[in-house]
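One-letter residues, chain by chain:
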Amino acid sequence: MKRIFTIYVMVLMLICTVGLVSAEEVRYGGMVRIAGQWGSLTNNFNPFLASGQNAPGTRSALYETIFFVSPLDGAITPVLGTAYQWEDNNLKLIIETRQGVKWSDGTPFTANDVVFTFNYMKKHPALDLNGIWANDVTKVEALTDHKVQITFAKPNTPLFRYIAHTLIVPEHIWSEIEEPSTFTNANPVVTGPFVKGQFSSQAVIYQRNATYWMEDKPYLDSVAYQAAKSNDTALLLLLRKKIDYSHLFIPDPEKALVAKDPTNNKYWWSVTNTNILYLNTSKELFTDVAFRQALAYAIDKDPLSEKAYYGVIAPAHPTGIIPGQQPQWVNKALSGQFYSYDLEKAKDILSKAGYSWDGSGSLIDPSGNKVPPVRILVGAGWTDFISMAQLISKSVKGIGIEMVIEQEPWSSYINSLMGGTYDTAICWGSGSGSTPYDLYYRTLESTFAGQDDGIAESNYSRYSSPVIDAALAKFRASSDLTVQQEAISTIQQLVVADVPYIPLTNRANFNDYQISRIVGWPDAENPYNGGDPGDELGGRLMLLNIRLK
Amino acid sequence: MRYLLRRLGFLLFTGWAALSINFILPHLMPGDPAQVMIAKFQGRLNPQALKALSDAFGLTADKSLFVKYLEYWQRIFSGDLGFSLTYYPAKVTEVLADAIPWTIGLVGLGTIIAFTLGTLLGIISAWKRNSPLADILVPTALFFNSIPYFWLSLLMLYLLAYQLEWFPLGGGFDVFAIMGIWDKVGSIVYHAILPLTTIVITAMGGWLLTMRNNMMSVLADDYIIFARAKGLSDRRIKYKYAARNAILPSFTGFSMALGFVIGGSLLTEVVFSYPGLGYILYQSVISLDYPLMQAIFLFISLAVLLANFMADFIYAILDPRVKEGGE
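As the structure is a computational prediction, the values presented were derived from the model and not from experiment. (Residues numbered from 1 in each chain as written. Chains lettered and ligands numbered in written order. Predicted model: local features only at pLDDT ≥ 70, side-chain atom pairs only at ≥ 80, totals over all residues.)

1. Digging into the overall build of chain A
- What chain A contains, in helices and strands, is 17 helices and 20 strands.
- The C-alpha atoms of chain A give a radius of gyration of 24 Å, which matches the 24 Å a tight globule of 549 residues would have.
- For chain A, the spread of C-alpha atoms along the principal axes amounts to about 80 × 55 × 45 Å.
- Taken over 549 residues, chain A has a buried fraction of 54%.
- The contacts of chain A with a sequence gap of at least 6 include a subset with a gap of at least 24, amounting to 71%. (Helix = DSSP H or I, 4+ residues; strand = E, 2+ residues; numbered from the N terminus. Rg over C-alpha atoms; globule rule 2.2 N^0.38 Å. Buried ≥ 20, exposed ≤ 12 C-beta atoms within 10 Å, placed from the backbone. Contact = placed C-beta atoms within 7 Å.)

In structure tokens:
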């Protein structure tokens, strides 16, 4: 097994170094201009902070991770690591680090920098946003100057992605920083393809790193991230070709973007998550499985995709698994149980469970009371979710349920979700990653259901099942694909049969760009960075591969 | 003197009340900043990060509201306003220092120009009432005063910047160019024209109408007729006699408007992607960034109170009667 992984990584390495640009002549130089709704930038390049608190580009142009794991299908691209393997029943992870890499101040990069980065997060828990030390890792040490060993108390193979996605900092700089969470790192020393250039609160410009470890890359001389304050500005800038790329939701992109200049204006909305109707199973109404099942059959998802996303983003699979991961993870043997819109079936389930309808068609529960109106929570002003909520409430009238749309501003919306005061709510999958494990772990694991302190960190449905917890543990303990597929299969069977939540539509990254100056963008045919936004980890691959036309 | 002392006492009392409310209000808002932050990442962060973020923000320390209140006053007097949570770990003072010049430059200048132009036009339109010019001015002012600002600014952005490309599509200066100091000043002016124009046209109407109405009633007063009878020049009557008295009510409004400049103009900033305090205030409110929110409201309250105090002061000079009033 481990041998196969190593070979897999080697092959991917080859693809990445030779594959993307081959026969045609490559033009060097130029600047790519990226705009985003960042509002106002801060002069902060501390890679340990959550993105948004540091300047855009910190995670894509400056610092590098060990590997990059595609959010679409889990494909692994080596970065500062070249190969990895699990040993000792998945209790040890061995990572080979790249040789010949230099920090931008000339100091050589070694495995010690990797070890330092992890131990630094152990010393300062506020930096450990990925919870690496909170999740069974006990020791990180260097075996040689290009080999790192990570020891686990108990196996947790999905943590690989978080370990792989840790941005590595230079030991010789950071070992002297005492208060890293308030350190703004105004002069970043990095291994990445670009170094910091000029900064203002409205834009930050990065210049090519002259000593970058890939000899032929990056192709561009510089990268600029411009802060816009509204989507409208970003779209106008893109249409006027004042920028090249923006990660931006555009209502009806075919009409509003492509039709304005069909040869140059493009978009690739890569599906990396799922929009979900969460059902609060701690509320009495939703403790009844039959009621939840009936709801699942009563919601027509096609109009959701048509009205809220102009048909660009498709309805979700009932398991919640995203299209890129379906071939590998959806258990086709279960397809008979995958529900779809069917009012008769929904009514059938309800009447078998003892529900009935009064003269005006309202639903009456088994004890003879009218089912009260169900609230559906959305963020105030979030047009896509609001139109979904309207369509859902229309749809469930078919089985006699009244729905009331409740809009709450961002902070109280998320507070209601985590605090469990809502009835039903539309929100994205509170976890997403390179396998369905991330979705199921965060949305269904009982640890996150708020049983201890009332705050459900990510299991908003507050659904807990020993079967799911056991399946998640089985997945964690293994690095064998067949075992992991079995675990996911167990969970998806419960997700469709027990309906802890109802997946509504896919959820996408919104890559919009124009190719009048710069080409080589990732797209559906060549999804080399998983469609990550240009300031996120996958943005690095984009910055490495785009070039002048 | 007694008048001024009384105003000063009033200033101190309202200042204390405003700042205390400023402390209490954010704490009444539902929600938890760390939750807001973690949810913003839409599932990309591990749930364990909630604890890490709370630690980093210093939210885990268990303190009573009263202790926090005392610390709040201590912070105000020491000038250390703490860390912003949205722009963590930037200090609140840094965040504000970056935005305040833009806001004062744009909204401050816009308010002053609008007031000056509006008042002058108001004087003219009252003086020359029944002339065609005055007849056009009033409905025009009414129109621009009641038009939704958001709509007007979007329209101007779309027509003048997007369609005709006379002006930039947004930002405070050309961020992609590397420029010398004078080029940069030129770029800043060029970028400010469009947002400044929208502020001036929409705000001017109000001043014009107020001034016109005041002028009209003053012009009917006996002392104006007396001044005419004395054979004083039109110019002298218009400005020294009528306008000086008619401007007093406008003046109070103007000082209030100057105080509110600090709040920035959210809509202008959003439409033109212009740097400034309005957007920062909005961000701080939606991400429950108490320290930043409190600091901005602190400055707004202080600015409004001070502007009012100054207005009272100047009022007393312009109109000596107020000093004796009520005694």
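2. Observations concerning the sheet that holds strand 11 (residues 245–247) of chain A
Residue and element names in this part refer to chain A.
- Pairing in this open sheet of 10 strands is mixed, and the strands run 8-9-10-1-11-18-12-17-15-16 from one edge to the other. Lying at the two open borders of the sheet, with one neighbouring strand each, are strand 8 (194–200) and strand 16 (403–408). Pairs of neighbouring strands in the sheet enclose a mean axial angle of 25°, with direction left out of account.
- Sheet topology places strand 9 (residues 203–208) next to strand 10 (residues 222–227); five bridges connect them, and they run antiparallel. Bridge pairing in strand 10 places Y206 opposite V223. (Pairing = 2+ DSSP bridges. Axes fitted to C-alpha atoms, helices over the stretch in contact; angles between N-to-C directions.)

3. Here's the deal with the pairing of strand 10 of chain A
Residue and element names in this part refer to chain A.
- Most of strand 10 sits inside the fold, with five of its six residues counted as buried.
- By the bridge criterion, six bridges tie strand 1 (residues 31–36) to strand 10 in an arrangement that is parallel. Bridge pairing in strand 10 links A35 to Q226.

4. Re the interface of chain B and chain A
- Facing the 45 residues of chain B at the interface are 51 residues of chain A.
- Looking at the side of chain B that touches chain A, the elements with two or more residues in it are helix 2 (33–40), helix 3 (49–57), helix 5 (92–127), helix 11 (266–271) and helix 12 (277–286) of chain B.
- In terms of residue class, the side of chain B that touches chain A is made up of 29 nonpolar, 11 polar and five charged. (Nonpolar A, V, L, I, M, F, W, Y, C, P; charged D, E, K, R; others polar.)

5. Focus on the domain arrangement of chain A
Residues and elements named next belong to chain A.
- Assigned domains of chain A: these are domain 1 (1–264 + 515–549) and domain 2 (272–507).
- Each of domain 1 and domain 2 was reduced to a C-alpha centroid, and the two centroids are 33 Å apart.
- Counting residues at the interface gives 19 residues for domain 1, matched by 17 residues for domain 2.
- Of the residues that constitute the side of domain 1 that touches domain 2, the class distribution is nine nonpolar, seven polar and three charged. (Domains from an automatic or database assignment.)

6. Overview of the sheet that holds strand 7 (residues 147–152) of chain A
Residue and element names in this part refer to chain A.
- As summarised here, the arrangement of the four strands in space is 4-5-7-6, forming an open sheet in which the pairing is antiparallel. Looking at the sheet topology across the chains shown, the edges are occupied by strand 4 (81–87) and strand 6 (137–144). When strand polarity is set aside, the average angle formed by the axes of neighbouring strands in this sheet is 20°.
- As judged from the five bridges shared by strand 5 (residues 92–97) and strand 7, these two strands associate in the antiparallel manner. Bridge assignment links L93 to a residue of strand 7, and that residue is I150.

7. Side note on the environment of P409 of chain A
- As for its placement among the helices and strands, P409 of chain A is situated in the loop between strand 16 and helix 13 (410–419).
- Using a count of 16 C-beta atoms within 10 Å as the deciding quantity, one classes P409 of chain A as partly exposed.
- Separated by 30 residues in sequence, P409 of chain A and G379 of chain A have C-alpha atoms that sit 5.6 Å apart.
- Those residues in contact with P409 of chain A that sit more than four places away from it in its chain are A380 of chain A together with I286 of chain B.

8. Thoughts on helix 5 of chain B
- Spanning 36 residues, helix 5 of chain B covers 49 Å between terminal C-alpha atoms, matching the ideal 52 Å at 1.5 Å per step.
- In the structure, helix 5 of chain B departs most strongly from a straight axis at A99 of chain B, where the bend amounts to approximately 35° and where the proline P101 of chain B lies between one and four residues downstream. (Expected span 1.5 Å × (residues − 1). Bend = angle between axes of the 7 residues up to and from the residue.)

9. Some thoughts on unusual backbone geometry
- Here the amide bond leading from K217 of chain A into P218 of chain A is cis, since omega sits at 0°, within 30 degrees of zero.
- Among the secondary structure elements, P218 of chain A is positioned in the loop between strand 9 and strand 10.
- In the Ramachandran plot, K241 of chain A falls in the positive-phi region, its phi being about 60° despite a non-glycine side chain.
- Examined against the element boundaries, K241 of chain A turns out to sit in the loop between helix 6 (231–239) and strand 11.
- Exposure remark for K241 of chain A: the 14 C-beta atoms within 10 Å place this residue in the partly exposed category.
- One non-glycine residue, N130 of chain B, adopts positive backbone phi at about 80°.

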